[in-house]
Amino acid sequence: MSEVLVLNSTYEALNVTTFQRAVKLLFSGKAEMLHGRERMLASPTFEIRMPSIIRMLYYIRRPMQKVALTKKNVLIRDDHACQYCGTRGERMMTVDHVMPKSRGGESTWENLVCACMRCNNRKNNRSPQEANMTLLRKPRQPKYIPWIQIKRNTLPDEWGKFLFLYNVSIDERVEA
Ligand SMILES: [Zn+2]
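Here we summarise the structure given alongside this text.

Reading the values: the criteria
- Residues numbered from 1 in each chain as written.
- Predicted model: local features only at pLDDT ≥ 70, side-chain atom pairs only at ≥ 80, totals over all residues.
- Heavy atoms only, no water.
- Helix = DSSP H or I, 4+ residues; strand = E, 2+ residues; numbered from the N terminus.
- Buried < 20%, exposed > 50% of the residue type's maximum accessible area, 1.4 Å probe, protein only.
- Contact = heavy atoms within 4.5 Å.
- Areas by Shrake-Rupley, 256 points an atom, 1.4 Å probe, with all protein chains shown as cover.
- Salt bridge = Lys/Arg side-chain N within 4 Å of Asp/Glu carboxyl O.

1. Here we look at the overall build of the chain
So, step 1. A tally of regular secondary structure across the chain gives 5 helices and 6 strands.
So, step 2. In sequence order, the chain lays out its α and β elements as β-β-α-β-β-α-β-β-α-α-α.
So, step 3. Per-residue burial for the chain yields a buried fraction of 44% across its 176 residues.
So, step 4. Taking contacts inside the chain between residues at least 6 apart in sequence as the whole, the part at least 24 apart equals 59%.
So, step 5. By element, 51% of the accessible surface of the chain is carried by carbon and sulfur atoms, the whole surface being about 10800 Å².

Now the structure itself:
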């Protein structure tokens, strides 16, 4: 994998780019290398480590992307993990109204969670308290879902500390 993580000057993850583009940014003085790979890149005139993480030397302003409240985005926010039992899966996950619709529960970020079919059925038309089921974490409106596509399990270790800011998995690009 020769993809490069690009950070803003504030160390916030911006996107993932090719190493060719990253090298260009480095050589034009627009970015600095934060983490290089073992492999060297060499030409007759230079030799540098293959970049893994680069950081822009100036701030890239970008509009806050509002995250649309969709079933898909709720599942992404919750990392496709059932918020009651922790089971994970890309398929067979449902969106549960924490306070059931029939009881006045609204369709909001704070009242929707990813739930496996088993938990959803078990909970039925009850509140978590009534069903004696606890949420793993309090559902919130995500401020931002990064527009970064990374395949699960191919993340270089060194990227982790710059991606911890996100409480969502980043394996899927979210259409604005
Ligand atoms: Zn479950």
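2. Topic: unusual backbone geometry
Of all residues except glycine, most have a negative phi; of all peptide bonds, most are trans.
So, step 1. Backbone geometry places His 80, a non-glycine residue, at a positive phi of 55°.
So, step 2. Take His 80: it is sitting in the loop between helix 2 (71-77) and strand 5 (93-97).
So, step 3. Positive phi values are uncommon outside glycine, yet Asn 124 reaches one of about 55°.
So, step 4. Within the secondary structure, Asn 124 is located in the loop between helix 3 (117-123) and helix 4 (128-131).

3. Brief notes about the pattern of salt bridges
Between side chains of opposite charge, a pair can form when the charged atoms approach closely.
So, step 1. On inspection of all chains with the given rule, the structure shows 6 salt bridges.
So, step 2. Of the charged contacts in the structure, one is a salt bridge between Asp 78 and Arg 77, with a shortest N-O distance of 2.9 Å.
So, step 3. Among the residues examined, Asp 78 registers a relative accessible area of 2% and is labelled buried.
So, step 4. Judged by relative accessible area, which is 2%, Arg 77 ranks as buried.
So, step 5. Between Asp 96 and Lys 123 there is a salt bridge whose closest N-O contact spans 3.1 Å.

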